[in-house]
Amino acid sequence: MDKNKGFFESVYDVVELIPHGRVTSYGAIAKYLGSGGAARMVGWAMNACHSSEKNIPAHRVVNRLGMLSGKSHFGHPDIMQRLLENEGLTIFNDQIQNFEKFFWDPAKEL
DNA sequence: AGTCTGACTAGTA
DNA sequence: CTACTAGCCAGAC
């Protein structure tokens, strides 16, 4: 990875690579970045995604259960679910249905 | 330089 | 089943 880039930039870079209609988990990204179980860092980077000029599809990043844990950070809790549904995903009770089917692992796909 | 925090995860009770 | 604990690590104070 480019060490000139901060941890955030690295996370954004991976998140931007998530294919349309796919999702991944914080842990998967953390692992890909070599941070191991530092899934918190990924979520934290997302919390600061507003600092990036890029359009970060943070709605495609959820916890390992496919639950929309970060929906509250989108300005309004419904935005995240709405974006995911717009990409063909099904959300029920704040949880992605068939999550395994739509899961995208950067460590494997890249 | 030390302490606190967090959109997580895995393990234990 | 739910509740709680500990580990994780980079950035803000």
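Please refer to the structure placed before this passage.
Residues numbered from 1 in each chain as written. Chains lettered and ligands numbered in written order. Predicted model: local features only at pLDDT ≥ 70, side-chain atom pairs only at ≥ 80, totals over all residues. Heavy atoms only, no water.

1. Here we look at the nonpolar core
- Membership of the largest hydrophobic core comes to 18 residues, with the highest contact counts inside it found for Val11, Val15, Ile29, Met46, Ile56 and Val61.
- At the level of secondary structure, the elements contributing two or more residues to this core comprise α1 (7–16), α2 (26–33) and α3 (39–47).
- Not counting residues within four places of it along the chain, the set of residues in contact with valine 11 comprises Ile29, Leu33, Val42, Ala45 and Met46.
- Core analysis: the second largest hydrophobic core is formed by ten residues, Val23, Leu68, Ile91 and Phe102 among them. (Core = buried A, V, L, I, M, F, W, Y, C linked by side-chain atoms within 4.5 Å. Buried < 20%, exposed > 50% of the residue type's maximum accessible area, 1.4 Å probe, protein only. Helix = DSSP H or I, 4+ residues; strand = E, 2+ residues; numbered from the N terminus. Contact = heavy atoms within 4.5 Å.)

2. Describing the protein's contact with DNA strand B
- Lining the immediate surroundings of DNA strand B are 17 residues, of which Arg40, Met41, Met46, Asn63 and Arg64 lie closest.
- Taking all atoms of DNA strand B within 4 Å of the protein, the share assigned to sugar and phosphate is 45%.
- The contact in question runs from a base nitrogen of DNA strand B to an N or O atom on the backbone of asparagine 47, over 3.1 Å.
- A distance of 2.6 Å separates a phosphate oxygen of DNA strand B from a polar side-chain atom of arginine 64.
- Those elements that place two or more of their residues in the surface near DNA strand B are α2 and α3.
- Element by element, the count of residues in the surface near DNA strand B is highest for α3, at six residues.
- Tallied by class, the residues present in the surface near DNA strand B amount to seven nonpolar, eight polar and two charged. (Near = heavy atom within 4 Å. Polar contact = N/O pair within 3.5 Å; in protein donor to acceptor, adjacent residues only side chain to side chain. Nonpolar A, V, L, I, M, F, W, Y, C, P; charged D, E, K, R; others polar.)

3. Overview of the packing of aromatic side chains
- Throughout the structure, instances matching the rule amount to three aromatic pairs.
- For the pair phenylalanine 8 and tryptophan 44, a centre-to-centre distance of 5.8 Å together with 85 degrees between the ring planes defines the contact as edge-to-face. With phenylalanine 8 in helix α1 and tryptophan 44 in helix α3, this residue pair connects regions lying 36 residues apart in the sequence.
- Cluster of aromatic residues (ring-pair linked, three or more members): Phe8, Tyr12 and Trp44. (Phe/Tyr/Trp six-rings, centres within 6.5 Å; stacked < 30°, edge-to-face > 60°.)

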